[in-house]
Every structure is written in structure tokens, then in C-alpha cells.
Amino acid sequence: METTEQFRLDIRNWLIANCPESQRQPIIKDQQIWAGRRRTFYCEDAKLWFERMRDQGWTAPSWPTQYGGGGMSLEQAKILDQEMKALGCRPALYDIGLWMFGPALLEYGTEEQKQEHIPKIVRGEIRWAQGYSEPSAGSDLASLKTRAEDKGNHFIVNGTKMWTTQGDKSDWIFCLVRTDHQAPKQQGISFLLIDMATEGVDARPMELINGDHEFCQTFFDDVKVPKNNLVGNINEGWSVAKALLKYERNMMSIMSSIVEKEEGDIIAIAKRYVGLDSNGKLSNNGLRAQLSEHLMRAQGDALSALRLYQQHKSGVIDGGLGLTMKYLSTSEQQHKDELLLAIMGNRGLSWHDQTFSISEKKTVKNWAYNKAHTIAGGTSEIQLNIIANKALQLPV
Amino acid sequence: MSMVLNEEQRLLKDTIDDFLSTNAPTDQLRRLRDTHDDKGYSIILWNQLTELGVPSILMPKEFGGFGFGFKGLGAVMQSMGRNLTASPLFSTVVLGASAIELGGTASQQQALLPTIAAGQLTLALAIDETHHHQPINTAVRLKERNGQLTITGEKVFVLDGHSADKLVVVVRSSGNPGDTKGLSLVLVDSNAAGLQTNRIQYMDGRNAANIIFNNVRVKQDQVIGELGGAHTIVQHVLDRGVIAISAEMLGGCQEVFDRTLQYLREREQFGVKIGTFQALQHRAAQMFCQLERSKSAVLSALSSLDKNSPDISLQASLAKTLINDCYQHVSNEAIQMHGGMGITDELDIGLFLKRARVSLQILGDSDYHKNRYAQLMGY
Ligand SMILES: Cc1cc2nc3c(=O)[nH]c(=O)nc-3n(C[C@H](O)[C@H](O)[C@H](O)COP(=O)(O)OP(=O)(O)OC[C@H]3O[C@@H](n4cnc5c(N)ncnc54)[C@H](O)[C@@H]3O)c2cc1C
């Protein structure tokens, strides 16, 4: 067995040798490499970096090698992550399949389904979308109405999904559909995989308050879906859905930290926009205190993430810690966005105008977009419900 | 180093939890408070804790200690916070003994540390001179005339200063208030000539003293560390203190939170448990989140002391600020969620409220630590 230190060293050396300099700059949203049939690379370095990581299986470092994953232990994957962060390496691949759907399929899929889908996720060939929410089923997800009718060797799907992130750019969608209308609401739901190229699937983008069109309303009109695209048993999709939500919450905490890097160092920004006095302190005492408050809370959350990891590693898990992370990290991201705007004053109010720099505009767009963090993946209020009932055992 | 306790530390924690909840529960604090006990802590309890080895937890093995480290100490402090245990542990071991361990000569260490480990010597750190913690502003002078050192001036709110056998005094031997250079540490007997002690009892039953030094003579061998060069030692002692008191606060905060949860599960109004009200559930869940975040900071700070990491000061300020704000918030909510019963002295909730406020001030409130954090981060 290789020692941990040796392993770390090997990883570091590999990264140094294989990660091009340009891929060690803070990630910019437009330069993220998203999976899929329509995958593009904005430059040669990005392609090279993606391919090298893919060929190691390190796009999904802890997945089994038989499906193309890296086959690492939890601890080894953590080391890879730490070393990548330390060297500033960009994530090689972005995909909902990688973060949420893959782990759930590994848990619930048949061997055949894993063989079919997992390698393509690792290799970034297919981009996945999530089809859970509907116009009238948000927090109360189990009230969903999209239905799949059993037609012998296939299902026919009809209905509408809402908020499908990047639905128009995705290749496949995992959906919750109603397969039993008589059963109590959680028990009549199935988990179905649908190729978005199938006839009758139509994803129409909606504009958000940040000006982007990242979300779609996805319509299903007599869509024919093969029976073996069912994950888990018929009418038992809710347990798959819940397992997946757990990964989604993790992803939401990861996403907050990815966004963070885009804006660079908030301390440097504060120094630039607020200025320092003769003692080397930020000229505005109020903002200086707010900055400390934000940094301290964010550092506290980073330490919680580390503590959670240490708990898992040592097998001593004390209940509720994990449940706090989504609520805390997403609201802290919003505190940070508000603070950035305050720091930038009138320069933090841009939209299209040429007077403002690109990074100023980006900060404002992020501020607007990040309002979604406390809504997507289970709203903050729903998180608090879960904490109250699960972690604190308060009566319902 | 992990924030999760290892087997040995868990055992220590269980032992202390058991012992304190049986031998030093909150009514002991009430008794000390209501009888205006001379020492403000039970000497019997202190002897029992000594038998359990509590004062030796941090002490290096060569001085009769266990070398259990700060995570071990943190477990004890948390337990004391939960039980509102009155003891000289913090002043004597965390502050006083640390100064000697970190800055003392071999002979000072030999003379004092084993006695402290044996529970036979108590200390107090005399540092503050105003009602806000601001160590760098130390103005009380250590004067030298014809080779004779003397102290004149006043130290205020010296924790356990009314009962300690000896005082570790932070003084200025050169420079001006605000300078890091010129700070010195001296060890003074509490019955030294020219020393006048006025006891202060805080609202939570904790004790302190204002101490006037009137030409108190100091011999060379009472000086800890280099004359005028004690800043680094003081800094390190304070960081240990800040982190240890944060651990005590964490314990107290968790206890008052747990008691509140229990009340939410039991108390009925409108024919249902009040814990079913979402307005209360969400506030409870938010407290839990804040508490877990603070806990991560405190546990990490404790382990940073064990590792002797370069960012101890940063971690100390982080931990104290988060737990200050958390304990303040949780203790207020605890009162509110107990309704009228919360503001009676019959329940213990008020004891935690008061303990929280006193602890907030110990070795720096949140404003002090936010400012220090900003300074350390360079903005
Ligand atoms: C950026 C973003 C990306 C998304 N991506 C996807 C995706 O790819 N696929 C997908 O299927 N869905 C996606 N969603 C949808 C997301 O899961 C839902 O928006 C979310 O579950 C909330 O549902 P809703 O918007 O219908 O709000 P509602 O459920 O209508 O909530 C409205 C308000 O009521 C509150 N509320 C509701 N129920 C309770 C309760 N029991 N107690 C207290 N308060 C309550 C909520 O907290 C909220 O404040 C995305 C959403 C966003 C914002």
C-alpha cells in the first residue's frame, strides 16, 4: 500500500505535469467545460486538460474503474480535490450527471443501466438534465402530475417540467413521473430516463433576472420511452429521488465555492474599491466589520465541511451537521454578494452600460443569479423544516 | 489533525461529563452565588478535580502532567460550560500556568508547574486596565530604580484575582501604550506588600478583582521571559485563553439550546406541543446551524493549538467571535421560547443568559476580535 503522503505527492506531480498553465487560472463561467453531444472547448488547453483528466477517470475520481471512474477511496478523492485546489486547477468537467445523477444511478441502477450511462458521464459525452419540478409542484414535489402510461414494452409520457436547468442544451433528462394515480402521492411515482432527442420533447428557455436563459420549461407530448429506462421499481421512484436530492444538496455547497473563485478575492476587491487609511485599515469601518463577519462565517462553514469529512472518515457521525451545510453555505453566498455590491457602491449597479467593467457586470449578474441558491435544490425554508424534524426531533 | 475526538479523548470527555453532572451541577453555582462564598468555587470540588488529574491535562509530562493537549482540555471546558461549574481551572491552568510554561525559566517551571498540577497553587492573569479588553494598551509601569523593580498602578477585572495565590501581571517596562515592544510579565504573590485587592462578583457568579499595586517590589526571579519582550508570550497565552473560554461557551450554549429543545418538545399550548409551530421550528433550526458552525470553529481552534499551527491567532479570533454571537443569540432565544418561565430564577435558563454575557467580555468581545481578525488578514 502506498502511503498517503506518497499518494499526495504522486497526484501533485501528475497535476503539475499535466495541467496546462491556462487551466490553473480562476475559472470563468464562459470557460466551463460542460458535458454533452454539443460539448465545445474554448481553447486547445481546455481540451487537453479535459482529455487527460478523463483518461485517468478523474472526472469522477471515486467511481469504480469498471465504469471508467478513477476507483479512488473517499480519502484519495479528497486528496485529489485538495491538490487541485492548492494548485488552482480548474474542474475538468461540469455536469449534473457527474454530481447528482451518476451517484444515484450507481446506487439504484441495474448493471445494464450502469454500463450504458456511467461511462458516458465520466467521459463527458452526455449532458444530463433534471426533471423534477413542475409548474404546480415545487417544494411539494410529490404532488407532480407528469404521467407515464404503461403500454406494454414502453411508456407514453405526457406533462410539463419546470426550471429544467440548461434543458435546451442537455441530451438526456431524468424525470419523476406519476405511474399510479390511485396510490398516496409519494407511492405512485417512478424514476424514468428520457433521451431528449425523442420526438415530442420540447425544452423552451425562460429569461431570468440576471438576463440569462439557463432554464427551460420542458414539454412532453406523447413521448415514447422504453421500459428498461426505468430506474428502481415501478412506483418506487421516490426513494431514488430522495437519494439524488442528497447529492444535490452536496452539489449546491460545491457550487457556492465554485462561484466564489470567479470574483477573485473579496479582500482585494474591498481594498481596491474602498481604499486603505494610513494605518492600513479599510477606510470604511462599517464595511471592514462586515467583511470580517462574512469571512468568519464562510471560514466556519469551510471548517464544517472539513469536520463532516473527518466524521465520515472516522465513522463517528454526529447527526445533524450535514443537514446544516446547504442552508448555511447558500445564505452566506448571498451575504457575500450583497457585501460585494455595498463595497462597489454605485459601481455595483451595472447592467449593460459600457461605463462598467466586465468584472463589475459579472459581479452584479452573479448577485442576481445567486438568489436562486436558496431556492433551488430545496428552499431554505424546506431545509429548516428538515433540520427541525430530522436533526432536532421536534414534533410535526 | 482531526476535529473528531479520538478514543482516549472521548473517554476523558465521558468521565468528566459524568463527574461534573453528578458533583457540580448548576445548583452548586446557585449555592456559591447565594452564600457569597469567599472563594467563589468549592475547594472540595477542586480537590476532586485534581484527583481526576484535571489541572494536569495540559501540563507537559515532565512536570507531572498528562500532556492530554487542547482537545482534551476543550472537552473539559465544554463540560464545565454545560454545568456552569465554578473552578479556578481557566485562570490557573490555561492562563497562569501557560505563561510559566511558555515564558518561564527552568527553575520557575520546576518550582511552580508541579505544584499547580497538584492543585496546590492557584494563579490569575492581571492584564486589563479598563472595562474593555485591549492588551496592547497596557500602561501600568514596571519601574526600575537602583536595580529595584516596582509596580504601581491598577489592574481591573482580574478573573479569580480575589482568590489566586499568585498573580501573573502584564506590565509595561518601556515604550508607550499601543506598542508591542516593552511588555513584561511578572509573578507577584497576592499577599505582597503594597498590593490591595477588591473583589468583584459578576452577575453570573464568576469572580474577579480590581487590584491596586502601590510600589509593589519585584525581584529579578519574578520576571517571566525577557524584560520588555513578553509580547509574543502574552499573545500566545491569550490565544490559549480565548480558545479555551470559547470551548466553555460552546458547552454552555449547547446546554441551553438542548434545554430549550426539550421544552419545545414538552410544553403544550393550543392543544399541541409548542415545538410543532413552524415559527419556533425555524428559529430552532437556525440556532442549530449557527451552533454547528461555531462548533467547527472552536474544535478547529483547539486542534490548531495541538498542532501549533501558524494561524492560531486567526483561529482564536474566529472561534471567539462566532461563539460570542451564537451564545448571545441562543441564550436570548432560550428565554423567549420558555415564555414567562424563562425569566424566573427558578429555571436555570437565566443563569446561562448571564454566563453568556460575562463570557462575551472575557479576553475580548466580538468587536475586538473582528478588528483583530481584520488586522491579521491585512485590511
Ligand atoms: C436556479 C434553479 C435551478 C433549478 N433547477 C431545476 C432543475 O434542473 N430541475 C428541476 O426539476 N427543478 C429545478 N429547480 C426548481 C426548484 O427545485 C424549485 O424551484 C424549488 O423546489 C422550489 O419550488 P417552487 O419554485 O415551486 O417554490 P414554492 O414551493 O412554490 O415555494 C414558494 C415559497 O414558499 C415556501 N414554502 C413552500 N413550502 C413550504 C413549507 N412547507 N414550509 C415553509 N415554507 C414553504 C418556499 O420556501 C418559498 O419561499 C430549479 C430552481 C432554481 C431556482
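A.B. asks: I keep staring at the overall build of chain B and nothing clicks. Help me out?
C.D. replies: When helices and strands are tallied, chain B shows 11 helices and 10 strands. Dimensions of chain B, computed from the C-alpha atoms along their principal axes, are close to 80 × 50 × 40 Å. Across chain B, every contact between residues at least 6 apart in sequence was considered, and the portion connecting residues at least 24 apart equals 73%. Of the roughly 14,700 Å² that chain B leaves accessible, carbon and sulfur atoms contribute 49%.

A.B. asks: Any chance you could explain the domain arrangement of chain B here in plain terms?
C.D. replies: Frequently, the measure chosen for interface size is the accessible area that the parts lose on association. Residues and elements named next belong to chain B. When the domains of chain B are assigned, the result is domain 1 (7–122), domain 2 (124–229) and domain 3 (232–376). Relative to domain 2, the C-alpha centre of domain 1 lies at a distance of 23 Å. Contacts between domain 1 and domain 2 engage 24 residues on the former and 21 residues on the latter. Interface area, domain 1 with domain 2, both sides summed: about 1,600 Å², of which 53% is carbon and sulfur. A per-residue breakdown of the area domain 1 buries against domain 2 is headed by Ser91, Gln108 and Thr122, which together make up 29% of the total.

A.B. asks: Whenever I open this one, helix H4 (residues 69–83) of chain B confuses me. Can you help?
C.D. replies: Owing to its 3.6 residues per turn, the α-helix brings residues three or four apart onto one side. End to end, H4 of chain B covers 22 Å across 15 residues, agreeing with the expected 21 Å (1.5 Å per residue, within 8%). With respect to burial, H4 of chain B is a largely interior element, 14 of its 15 residues being buried.

A.B. asks: Help me understand the interface of chain A and chain B, please; the structure alone is not making it clear to me.
C.D. replies: With 43 residues of chain A at the contact, the number on the chain B side is 40 residues. The largest per-residue losses of area from chain A upon contact with chain B belong to Met296, Arg307 and Leu392 of chain A, which jointly make up 21% of the total buried on that side. Counting across the chain A and chain B interface gives four salt bridges. In this structure, Arg293 of chain B engages Glu332 of chain A in a salt bridge whose closest nitrogen and oxygen atoms are separated by 3.7 Å. The tally of links between chain A and chain B comes to 20 residue pairs in polar contact (both at pLDDT 80 or more). Where the side of chain A that touches chain B is concerned, the elements lending two or more residues are helix H7 (266–274), helix H8 (285–314), helix H9 (321–344) and helix H11 (380–391) of chain A.

A.B. asks: In this structure, what is going on with the site of the ligand? I would like to understand it.
C.D. replies: With respect to spatial proximity, 19 residues lie near the ligand, and among them Ser133, Ser139, Thr165, Thr379 and Glu381 of chain A are the closest. Residues lining the ligand come from chains A and B. Here an oxygen atom of the ligand sits 2.8 Å away from a polar atom, N or O, in the main chain of Tyr132 of chain A. Isolated, the ligand exposes 970 Å² of accessible area, and the fraction of that covered by the protein chains is 68%. Looking at the shell around the ligand, the elements with two or more residues in it are strand S1 (128–131), strand S3 (154–165) and H11 of chain A. Ranked by residues supplied to the shell around the ligand, first place goes to S3 of chain A with four residues. In the shell around the ligand, the residues fall into eight nonpolar, 10 polar and one charged. Of the domains in this structure, domain 2 (95–261) and domain 3 (265–391) of chain A are the two that each give at least three residues to the shell around the ligand.

A.B. asks: How should the layout of surface pockets be read in this particular structure?
C.D. replies: To find the voids left in a structure, one rolls a probe of water-molecule size over its atoms. The calculated volume of the second largest pocket comes to roughly 700 Å³. The set of elements that each furnish at least two residues to the lining of the second largest pocket consists of H8 of chain A together with helix H1 (7–23), H4, helix H7 (231–266) and helix H8 (278–307) of chain B. For the lining of the second largest pocket, the leading source of residues is H8 of chain B, giving six residues. Within the lining of the second largest pocket, the residues separate by chemical class into 14 nonpolar, six polar and 11 charged.

A.B. asks: Is there a simple way to think about empty space enclosed by the protein in this case?
C.D. replies: Residue and element names in this part refer to chain B. Counted under the stated rule, the structure contains five cavities of 30 Å³ or more. Its boundaries defined by the atoms lining it, the largest cavity holds a volume of some 200 Å³. The set of elements that each furnish at least two residues to the lining of the largest cavity consists of H4 and helix H5 (89–103). Take the lining of the largest cavity: its biggest share by element is three residues, from H5. The residue inventory of the lining of the largest cavity, partitioned by class, reads eight nonpolar, six polar and five charged. The residue makeup of the lining of the largest cavity includes at least three contributed by each of domain 1 (7–122) and domain 2 (124–229). What lines the second largest cavity is His133, Pro135, Gln235, Leu238, Asp239, Val242, Leu363, Tyr368, His369 and Arg372. Those elements that place two or more of their residues in the lining of the second largest cavity are H7 and helix H11 (366–377). Examining the composition of the lining of the second largest cavity, we find that four residues originate from one element, H7, more than from any other. Taken together, the residues of the lining of the second largest cavity break down into five nonpolar, three polar and two charged.

A.B. asks: Hey, could you run me through the pairing of strand S6 (residues 195–201) of chain B in this one?
C.D. replies: Regular strands place side chains that alternate from one sheet face to the opposite one. The pairing of S6 of chain B with strand S7 (residues 207–218) of chain B spans seven bridges and is antiparallel. Paired with Ile200 of chain B across the two strands is Ala208 of chain B, which belongs to S7 of chain B.

A.B. asks: How do you make sense of the packing of aromatic side chains when you look at a structure like this?
C.D. replies: Where two aromatic rings form a pair, the distance of their centres and the angle of their planes describe that pair. On inspection of all chains with the given rule, the structure shows 17 aromatic pairs over all chains. When the ring of Phe157 of chain B is compared with that of Tyr202 of chain B, the centres are 6.2 Å apart and the planes differ by 15°; the resulting orientation is stacked. A residue pair is termed long-range when its members are at least 10 positions apart, and Phe157 of chain B in strand S3 (residues 148–159) and Tyr202 of chain B in the loop between S6 and S7 qualify at 45 residues. Relative to Phe277 of chain B, the ring of Phe270 of chain B lies with its centre 6.3 Å away and its plane at 80°, an arrangement referred to as edge-to-face. Owing to a relative accessible area of 28%, Phe277 of chain B belongs among the partly exposed residues under this scheme. Here a set of aromatic residues connected by ring pairs shows up, and it is made of Phe101, Trp128, Tyr132, Trp172, Phe174 and Phe191 of chain A. Lying over the aromatic face of Phe155 of chain A, Lys227 of chain A brings its terminal NZ or CZ to 5.5 Å of the ring centre. Here Lys246 of chain A stacks its cationic end above the ring of Tyr247 of chain A, 5.2 Å away from the centre of that ring.

A.B. asks: Would you explain the domain arrangement of chain A in this entry?
C.D. replies: Residues and elements named next belong to chain A. Domain assignment breaks chain A into domain 1 (4–93), domain 2 (95–261) and domain 3 (265–391). Summarising the inter-unit geometry, the C-alpha centres of domain 2 and domain 3 are found 29 Å apart. Opposite the 14 residues of domain 2 that make contact, domain 3 presents 20 residues. Taking both sides of the interface into account, the surface hidden between domain 2 and domain 3 amounts to around 1,400 Å²; carbon and sulfur atoms contribute 62%. Summed over the shared surface of domain 2 and domain 3, the result is zero residue pairs in polar contact (both at pLDDT 80 or more). Residue composition of the side of domain 2 that touches domain 3, grouped by class: five nonpolar, five polar and four charged.

Rules behind the numbers
- Here the residue index of a chain counts from 1 through its sequence in written order.
- The lettering of chains begins at A and the numbering of ligands begins at 1, in the order of writing.
- pLDDT decides what is reported in this predicted model: residues at 70 or higher carry local features, side-chain atom pairs at 80 or more are listed and counted, and totals for whole chains, interfaces and linings draw on all residues regardless.
- Calculated side-chain values reflect all of the structure's heavy atoms, with hydrogen atoms and water omitted.
- Secondary structure elements follow DSSP: runs of H or I of four or more residues count as helices, runs of E of two or more count as strands, with numbering from the N terminus.
- The contact rule is simple, with two residues in contact once any of their heavy atoms fall within 4.5 Å.
- With residues, only the protein chains shown are counted as cover, and all accessible areas are computed by Shrake-Rupley using a 1.4 Å probe.
- An automatic or database domain assignment provides the domain bounds reported here.
- Throughout, the accessible surface (probe 1.4 Å) given up by two parts as they are put together, summed over both, is called the buried area.
- The span expected for a helix works out to 1.5 Å for each residue beyond the first.
- Buried residues are those whose accessible area, probed at 1.4 Å on protein chains only, stays under 20% of the maximum for their type, while exposed residues exceed 50% and partly exposed ones sit between those limits.
- Salt bridges, as used here, are contacts in which a Lys or Arg side-chain nitrogen is within 4 Å of a carboxyl oxygen on Asp or Glu.
- Any pair of N or O atoms that falls within 3.5 Å is considered a polar contact. Within protein, one atom must be able to donate a hydrogen and the other to accept it, and sequence-neighbouring residues count only if both atoms are side-chain atoms.
- Neighbouring residues are identified by heavy atoms, a residue being near a molecule or strand if any of them is within 4 Å of it.
- Here the nonpolar group is Ala, Val, Leu, Ile, Met, Phe, Trp, Tyr, Cys and Pro; Asp, Glu, Lys and Arg are the charged ones; every other residue, Gly included, is treated as polar.
- Of the two site types, the cavity is a set of points on a 1 Å grid over the protein atoms alone where a 1.4 Å probe fits but cannot get out, and the pocket is an open set with protein on both sides within 12 Å along at least five of seven lines, each lined by residues with an atom within 4 Å of a point.
- Grid points are joined across faces, edges and corners, and a volume is the space filled by probe spheres set on the points.
- When DSSP locates at least two bridges between a pair of strands, those strands are taken to pair.
- In this scheme Phe, Tyr and Trp rings, the latter by its six-membered ring, pair at centre separations within 6.5 Å, and the angle between planes marks the pair as stacked below 30 degrees, edge-to-face above 60, and tilted otherwise.
- The criterion is that NZ of a Lys, or CZ of an Arg, lies within 6 Å of the ring centre and within 35 degrees of the ring normal, and then a charge sits over that ring.

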